Amino acid sequence: MNNYNIRKAAPADLERIMHLLDCGREIMRSSGNPNQWPVGKPSRQQIVNDIEAGHSYLVVDGDEAVATFAFIPGPDVTYAHIEGGSWTDDTTPYHVVHRLASTAQVHGVFATVINYCKSVATSLRIDTHEDNRIMQHNIVKHGFAYCGIIYLLDGNPRLAYQWTRND
């Protein structure tokens, strides 16, 4: 059992976050996902923006940051249009999980992140590349429903999912 904690990222964490994104990129490449997150994406400026907006988080094990993610209140402009389906709930305010990455040596990070996000929000949306089988598996395993395809601002398609608390 891991003993992870989650904290907001600070400007001093920028280099560690960039390293974690590189680790995530390498995991994707080694698992058959060569096209998501080309070098330079997510950009350093995007991460700076996330930190400044208070949307960047770290998963820490002791004193070491082992994963990063962005947790952003909606609406997200890329989620305004969905093809091949529909959101399971298009009325409840939602949060979005973006830019999740970790070192290859840690396990259970996705569960830690999603459990934290579920404790804060009643509706979550997340998307991933069609080749990101690891992420797709984790998303479904943690109660998200596949909703359809959304398009990033650069036009690239992503598989979109939603989880809504059923109180």
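Here, the structure is the one placed above.
Note that the coordinates shown come from a computational prediction; the quantities given were computed from them, not determined experimentally. (Residues numbered from 1 in each chain as written. Predicted model: local features only at pLDDT ≥ 70, side-chain atom pairs only at ≥ 80, totals over all residues. Heavy atoms only, no water.)

Q: Tell me about helix α4 (residues 133–141), and name the residues and values.
A: For α4, the full list of buried residues reads Met135, Gln136, Asn138 and Ile139. Down the axis of α4, the smallest arc covering the buried residues is 165 degrees, so these residues share one side. Exposed residues on α4 whose side chains face more than 90 degrees from its buried face are Arg133, His137 and Lys141. Structurally, α4 contributes buried residues whose contacts are with β4 (95–102), α3 (109–120), β5 (123–128) and β7 (157–164). (Buried < 20%, exposed > 50% of the residue type's maximum accessible area, 1.4 Å probe, protein only. Helix = DSSP H or I, 4+ residues; strand = E, 2+ residues; numbered from the N terminus. Arc of directions from axis to C-beta. Contact = heavy atoms within 4.5 Å.)

Q: Before we move on, could you go through the packing of aromatic side chains and cite the residues and values that matter?
A: Counted under the stated rule, the structure contains eight aromatic pairs. Measuring from centroid to centroid gives 5.2 Å for Tyr79 and Trp87, while their planes differ by 45 degrees, and the two rings are tilted. Clustering of aromatic rings is evident, with ring pairs tying together Tyr57, Phe69, Phe71 and Tyr116. Residue placement shows Arg125 over the ring face of Trp87; its charged tip is 3.9 Å from the ring centre. Over the ring of Tyr94 we find Arg125, and its NZ or CZ is 3.8 Å from the ring centre. (Phe/Tyr/Trp six-rings, centres within 6.5 Å; stacked < 30°, edge-to-face > 60°. Lys NZ or Arg CZ within 6 Å of the ring centre and 35° of its normal.)

Q: Describe the sheet that holds strand β2 (residues 56–61), naming the residues involved and giving the relevant values.
A: Overall, mixed pairing links the seven strands, which are arranged β1-β2-β3-β4-β5-β7-β6 in an open sheet. The open sheet has two free edges, formed respectively by β1 (4–8) and β6 (145–151), since each of these has just one partner strand. Neighbour-to-neighbour, the strand axes of this sheet turn through a mean angle of 30 degrees, independent of strand direction. Bridge count between strand β3 (residues 64–73) and β4: six bridges; the pairing is antiparallel. Its bridge partner lying in β4, Ala67 is registered against Ser102. (Pairing = 2+ DSSP bridges. Axes fitted to C-alpha atoms, helices over the stretch in contact; angles between N-to-C directions.)

Q: Give a description of empty space enclosed by the protein that names residues and reports values.
A: Gaps left between atoms show up when a probe the size of a water molecule is rolled over them. Applying the stated rule across the entire model yields one cavity of 30 Å³ or more. Around the largest cavity, the lining residues are Ile17, Ile47, Asp50, Ser56, Thr68, Phe69, Ala70 and Arg99. For the lining of the largest cavity, the secondary structure elements donating two or more residues are α2 (44–53) and β3. Ranked by residue count, the leading element in the lining of the largest cavity is β3, at three residues. Residue composition of the lining of the largest cavity, by class: four nonpolar, two polar and two charged. (1 Å grid on protein atoms, 1.4 Å probe; cavity = no way out; pocket = protein on both sides within 12 Å on 5 of 7 lines; lining within 4 Å. Points joined across faces, edges and corners; volume = space filled by probe spheres on them. Nonpolar A, V, L, I, M, F, W, Y, C, P; charged D, E, K, R; others polar.)

Q: Residues and numbers for the pattern of salt bridges, please.
A: Counted by the stated rule, this structure contains six salt bridges. Measuring nitrogen to oxygen at the nearest pair gives 2.9 Å for the salt bridge that ties Asp13 to Arg7. With relative accessibility at 12%, the residue Asp13 sits in the buried group. Its relative accessible area of 36% is what places Arg7 among the partly exposed residues. (Salt bridge = Lys/Arg side-chain N within 4 Å of Asp/Glu carboxyl O.)

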